[in-house]
Amino acid sequence: MTHEIHPLIPVPKLSVKDQERIYKKLMEEKPKPVANIQNGFYMIDLQLILQSTTPEYRSFLRDAGYGDLDACSHLDIAKNMLRIDQDVRDAAARNGITLTGKDNDYVIDINQTNARKIVEAMGYKLLTVALMYKLFIPYIEDLAHQGNEEAQVTLDEMVNTQAEWLEDLILDKNKVKIGTKEKTIMLPQTDGYFDITDINQFGYPTAVRDSGEFPYWFPRRNREAAICVSNSGRCLNLDMEPFLSSFFGKWLWVRLAKLKC
């Protein structure tokens, strides 16, 4: 299959000044999100990625080993939650993970460590908090508001699937860890609600209130993993230990994401 290169992607031969000029042009143009769904994945292009993330955050992800957003033509995010097939079984087996479901069952009741091992063995990643709340949720909401039926299916599935693992770990209640990198940020230390306008570059609220678009559960322990609790208004839950496979009797699910560079 021929890999098409995005015409606006900076390449190593470009000077820093030229790259800055290209990024500025991309950031000035704010087109309405367009549905590009192929092989079960939303293909989100470079322009929207740059508009939704900061250079500092993209540098953090690159240095952390997560991936180089600046060098990619698009980010692929699965339309549906991960289901068991032979590829999933093989990835689990390579990491000594036993899956109890049958083919076409959702991958559920899995802890964050094992979820990350399986998706990475398949060449994918979990979404980070910022990519979920600053990019993916606004993207599919915009598409659904435009009447896109596939985006509405994704939103409906998110509500029905309880919660999904995200990439981020929270250490000492105020430190984000992704891959090999850590960053101290000030997280609200009380439950509440936040709006998308309250989100910092890492995807976390800077403050919470009594009502808002997204619920928020603050980290209670010194090592937590982030989950998006979809059936609770896409709550950002930081009160989840990474070795647990369920919470309050609810399942934890997995969504694939992949940088195409």
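Residues numbered from 1 in each chain as written. Predicted model: local features only at pLDDT ≥ 70, side-chain atom pairs only at ≥ 80, totals over all residues. Heavy atoms only, no water.

Regarding the environment of C261
Among the secondary structure elements, C261 is positioned in the segment after β13 (257–260). Remark: the alpha-carbon pair of C261 and H74, spanning 187 residues in sequence, is separated by 7.3 Å. (Helix = DSSP H or I, 4+ residues; strand = E, 2+ residues; numbered from the N terminus.)

Digging into the sheet that holds strand β7 (residues 192–194)
Taking strand neighbours across the sheet as the criterion, the seven strands line up as β6-β5-β4-β9-β10-β8-β7 in an open arrangement whose pairing is mixed. Edge positions in the sheet fall to β6 (181–184) and β7, since each has one partner strand and no second. On average, each strand axis in the sheet is inclined to that of its neighbour by 30°, with strand direction left out of account. Bridge count between β7 and strand β8 (residues 214–217): three bridges; the pairing is antiparallel. Directly across from F194, in β8, lies its bridge partner F214. (Pairing = 2+ DSSP bridges. Axes fitted to C-alpha atoms, helices over the stretch in contact; angles between N-to-C directions.)

Description of the pattern of salt bridges
What the rule picks out here adds up to 20 salt bridges. Between R234 and E141 there is a salt bridge, with the nearest N and O atoms lying 2.4 Å from each other. Placement of R234 in the loop between β9 (223–229) and β10 (235–237) and of E141 in helix α6 (residues 129–145) is noted, with a sequence separation of 93 residues between them. Between E164 and R255 there is a salt bridge, with the nearest N and O atoms lying 3.0 Å from each other. Remark: R255 occurs in the loop between β12 (250–251) and β13 and E164 occurs in strand β4 (residues 163–171); sequence separation between them is 91 residues. In this pair, the class of E164 matches that of R255, namely buried. (Salt bridge = Lys/Arg side-chain N within 4 Å of Asp/Glu carboxyl O. Buried < 20%, exposed > 50% of the residue type's maximum accessible area, 1.4 Å probe, protein only.)

Describing the packing of aromatic side chains
If you walk through the whole model with that rule in mind, you get 11 aromatic pairs. Ring geometry for Y42 versus Y139: centroids 5.8 Å apart, planes at 85°, classification edge-to-face. With Y42 in strand β2 (residues 41–45) and Y139 in helix α6, this residue pair connects regions lying 97 residues apart in the sequence. Given a relative accessible area of 0%, Y42 falls into the buried group. In this structure Y139 comes out as buried when scored by relative accessible area, which is 3%. Seen from their ring centres, Y57 and F202 are 5.1 Å apart, and the 85° between their planes marks the pair as edge-to-face. Within this pair, whereas Y57 is found in helix α3 (residues 55–64), its partner F202 is found in the loop between β7 and β8, the two being separated by 145 residues in sequence. For the pair Y57 and F202, one class covers both residues: buried. Linked through ring pairs, Y133, F194, F214 and Y216 together constitute an aromatic cluster. The ring of Y106 has R83 sitting right over it, with the charged end atom 3.9 Å from the ring centre. The ring of Y124 carries K258 above its face, with NZ or CZ at 5.2 Å from the centroid. (Phe/Tyr/Trp six-rings, centres within 6.5 Å; stacked < 30°, edge-to-face > 60°. Lys NZ or Arg CZ within 6 Å of the ring centre and 35° of its normal.)

So, the state of the cysteines
Enumeration over the complete set of coordinates arrives at one disulfide. C72 shares a disulfide with C261; S-S distance 1.9 Å. In this pair, C72 sits in the loop between α3 and β3 (74–78) while C261 sits in the segment after β13, placing the two residues 189 residues apart along the sequence. According to the relative accessible area criterion, C261 is exposed, its value standing at 53%. The closest cysteine sulfur to the non-disulfide-bonded C228 is located on C235, 8.0 Å from its own sulfur. Using a relative accessible area of 0% as the deciding quantity, one classes C228 as buried. Taking relative accessible area as the criterion, C235 reaches 1% and is therefore assigned buried. (Disulfide = S-S within 2.5 Å.)

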